[in-house]
Each structure stands twice: as C-alpha cells, then as structure tokens.
Amino acid sequence: MDDIAEGARRVLNHIENNGTEDRYVTGYIRAVRQYALNAQRGDGQEMAKVLEALTKINAGTERLNQRINTIEKTTNTLSTALSTPAANSAAAWRNFRAKEWQRDLATAAAPITRSGGTSSPGVPEMELREDREVIVKVGMNREQIRGLTPKDLVERAERQRVTNARQKNSGVLAGQAFFVAARKLPSGDVAMIANSAAGAEVLRKHAAWLRAFGPGSVVQEPSWGVVAYHIPVRSMKVTPETMADVAAELLRQNNWGEGAKIQYLGWMTRPGERAEGSILIEFTSPVVANRAIISGI
C-alpha cells in the first residue's frame, strides 16, 4: 500500500507540474492514493467511501468516453460531407439527420390518442352514384345513340351543355354542374352521371342539353314507389295505353296533396285469372309517396 500511495503522489505531482491536469484522471488518482493511505491505517469506513468514489469516477469516465466517441464519429461524418460535391453533401447530411431521427424515435414514448366520439358508416358507393345519375329516355335517335361509346356520349352532352350555358349566361351550368361519365342501359336509354348530386339536380331542371340525344329525348324523373296489395283486378284495368287515365283517376279519388304526380303505374306480376293482385305506383315526390302509404289507396 505504501508503494501505491507513493506512486499516486508522484503521478499527481507530475500532472500538476506539467499543466496537463484532467479532473477525471486527477480525481481517480487522488482516490487511489487516499484508498492506499486508509488501508495503511485500517480505516474501514473511510475505505468504503473511497471505493464508492472510485465507482462513481469509473462510471463518469465511461460516460465521458462514450460522448467523446460520439463527437468523433459526428465530426468525421460532417467532415466527409463537407469535402464532397454539393449533391453528395446534401445526401450525406440527409443520411446523418435520418440516423439522428431514428435514434430519437427509438427512445420516444408512444403517442397518446383519444377519441371523443364515433363515426357513422359511409354512404355506399352505389347510392352515391344513383344520386348523381340522370336517366335519359332516348327518342327517335335510339339506334344512333346505341352505336356511341360512353366517352362519345359525355362529349356530346358536354358540348351542348356548354353551348346552353353561354347562351343563357348561366354560371351554374358553366362550371358547377357537368357530366363526368355515361352508361348505356339495356333498354337503349342512357344514364348520364353528373359531378355531384346537386349537379345532377341542376341538369335535370335545365335539360336543354338533351338536344345532344336527338328529338323526343326526355329526362326520366326520379320516382318513389309504393306497392298496394289485394287490389281487385276488375276494378283497375291497367295497360300501357290506359296507365295515364288510371293514374289521373287515382289522383282524383285520393287526397295526396297538391303537386301529386304518378310517373308509373302497373301490376307487379300479371294477375291472370286471379281476383286480386299487387300494383306498383311510382310517385315523383317522396312526400306524396309517404302520404299514400299512410292514407292508403
């Protein structure tokens, strides 16, 4: 222990005389010298304190070495980046920042998320598409329309719509309502798809663009159907020829409100020899349809 204490003293003198003192190294050597002196005196309590100090110094020295290594690596990376052309320098800097971000991410806590309510399910795509559809009942040019592609149909309708918008100086027709797609139906009619449900409603009301489909073409109004059951077959002779007259008679007999209009009327299935059957009545207003359901026929 005498040799250890004497050696520690000489090292301390050398450091102090040469002006190269490092507080970690100096502290460590002083602790070693004190440990040796305490061991000579047999002071167990003081030796325990010295051992604790040595442990702390070792831990501090290890942390210092790690920091020095990190600084050296960072300095080397930046030096390499600065010595390369601009493009490589930018890439090196991005790489350095990415590694730094990854280190921070590894020690970051998980984010806390909260929800203050629930979300309702979205409207099915088919329903949205139906709201945007404008059904065109094609007139005399049905065969010609059959030979056109959906793209051709959209272009024809759009040209006519733009022409009408210019003639009427209508801002709504000019940009807020327009066609984006078309679909040919098996019947020979055409389903034109507008940019939105509101746009489809505007195009139904301002239907001069129908000239693109030839004379006699009309817009099929949306309808809301009501099925009436157990209707005596003999009391309602419904055929394509008599449908308009029967519909008018139903409107006279029932108080469904002003503006009530029947778009279609027909048997669900051919009644044949049966005494009763079910009939479908399509109204042009959902309000009128509800009144018919409540009050009956």
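Rules of the game
Residues numbered from 1 in each chain as written. Predicted model: local features only at pLDDT ≥ 70, side-chain atom pairs only at ≥ 80, totals over all residues. Heavy atoms only, no water. Helix = DSSP H or I, 4+ residues; strand = E, 2+ residues; numbered from the N terminus. Buried < 20%, exposed > 50% of the residue type's maximum accessible area, 1.4 Å probe, protein only. Contact = heavy atoms within 4.5 Å. Areas by Shrake-Rupley, 256 points an atom, 1.4 Å probe, with all protein chains shown as cover. Pairing = 2+ DSSP bridges. Core = buried A, V, L, I, M, F, W, Y, C linked by side-chain atoms within 4.5 Å. Axes fitted to C-alpha atoms, helices over the stretch in contact; angles between N-to-C directions. Salt bridge = Lys/Arg side-chain N within 4 Å of Asp/Glu carboxyl O. pLDDT = per-residue confidence, 0-100.

Student: What is the right way to look at the overall build of the chain in this model?
Tutor: The helix and strand inventory of the chain stands at eleven helices and seven strands. Going through the 297 residues of the chain one by one, you find that 27% of them count as buried. Here the analysis covers contacts within the chain between residues at least 6 apart in sequence; of these, 62% occur between residues at least 24 apart. Within the structure as shown, the chain displays about 20,300 Å² of accessible surface, and the carbon and sulfur contribution to it stands at 53%.

Student: Looking at this model, I keep getting lost on the pairing of strand β1 (residues 133-137). Mind explaining?
Tutor: Counted residue by residue, β1 has four buried out of five residues, so it is predominantly covered. As paired elements, β1 and strand β3 (residues 190-194) share four bridges and run antiparallel to each other. Bridging across to β3, Glu133 finds its partner in Ile193. Pairing of β1 with strand β4 (residues 218-220), which is carried by three bridges, proceeds in the antiparallel orientation. Bridge pairing in β4 places Val136 opposite Val219.

Student: Any chance you could explain the nonpolar core here in plain terms?
Tutor: The tendency in soluble globular proteins is for nonpolar side chains to be buried as a group. If you look at the biggest cluster of nonpolar residues, it comprises 21 residues, and the most contacted ones within it are Leu153, Val190, Met192, Trp209 and Phe213. When contributions to this core are tallied by element, the ones reaching two or more residues are β1, α7 (150-168), β2 (179-184), β3 and α9 (197-205). Apart from residues no more than four positions distant in its own chain, Val190 is found in contact with Val134, Ile135, Val136, Val138, Ile145, Leu153, Ala182, Arg183, Leu185 and Phe213. Judged by nonpolar contacts, the second largest core, of 19 residues, contains Ala228, Ile262, Phe283 and Ala289.

Student: Just checking my understanding: could you explain the sheet that holds β4 for this structure?
Tutor: Hydrogen bonds between backbone atoms are what pair the strands of a sheet, whose relative direction is either parallel or antiparallel. Across the sheet, four strands lie side by side as β2-β3-β1-β4; this open sheet has antiparallel pairing. Whereas interior strands pair on both sides, the edge strands pair on one side only; in this sheet they are β2 and β4. Geometrically, the sheet is characterised by an average inter-axis angle of 35° between neighbouring strands, direction not taken into account.

Student: What am I meant to see in the pattern of salt bridges here?
Tutor: In this structure the tally under the stated criterion is seven salt bridges. A salt bridge links Asp189 to Lys137, with the nearest nitrogen and oxygen atoms 3.1 Å apart. Remark: Lys137 occurs in strand β1 and Asp189 occurs in the loop between β2 and β3; sequence separation between them is 52 residues. For Arg146, the salt bridge goes to Glu143, with nearest N and O atoms at 3.9 Å.

Student: Would you take a moment to explain the confidence of the model for the chain for this structure?
Tutor: With 62% of its residues at a pLDDT of at least 70, the chain reaches an overall mean of 75. Segment residues 109-128 is flagged for pLDDT under 50; beyond a separation of four residues in sequence, or across chains, it makes one contact in the model.

Student: I'm lost on the sheet that holds strand β5 (residues 224-232) in this one. Help?
Tutor: Pairing in this open sheet of three strands is antiparallel, and the strands run β5-β7-β6 from one edge to the other. The outermost strands of the open sheet, each flanked by one partner alone, are β5 and β6 (262-267). With direction set aside, neighbouring strand axes in the sheet form an average angle of 20°. As paired elements, β5 and strand β7 (residues 276-283) share seven bridges and run antiparallel to each other. In the strand pairing of β7, Trp224 is matched with Phe283. Sheet strands in contact with helix α10 (residues 243-253) are β6 and β7, and its direction is about 110° off that of β6.

Student: Would you mind showing me how to read the environment of Met236 here?
Tutor: Of note, Met236 is situated in the loop between β5 and α10. In the structure, Met236 is positioned 43 residues away from Ile279 in sequence and 9.5 Å away in space, judged by C-alpha atoms. If near-sequence neighbours (up to four positions away) are discounted, Met236 is found in contact with Ile231, Val246, Leu250, Trp267 and Ile279.

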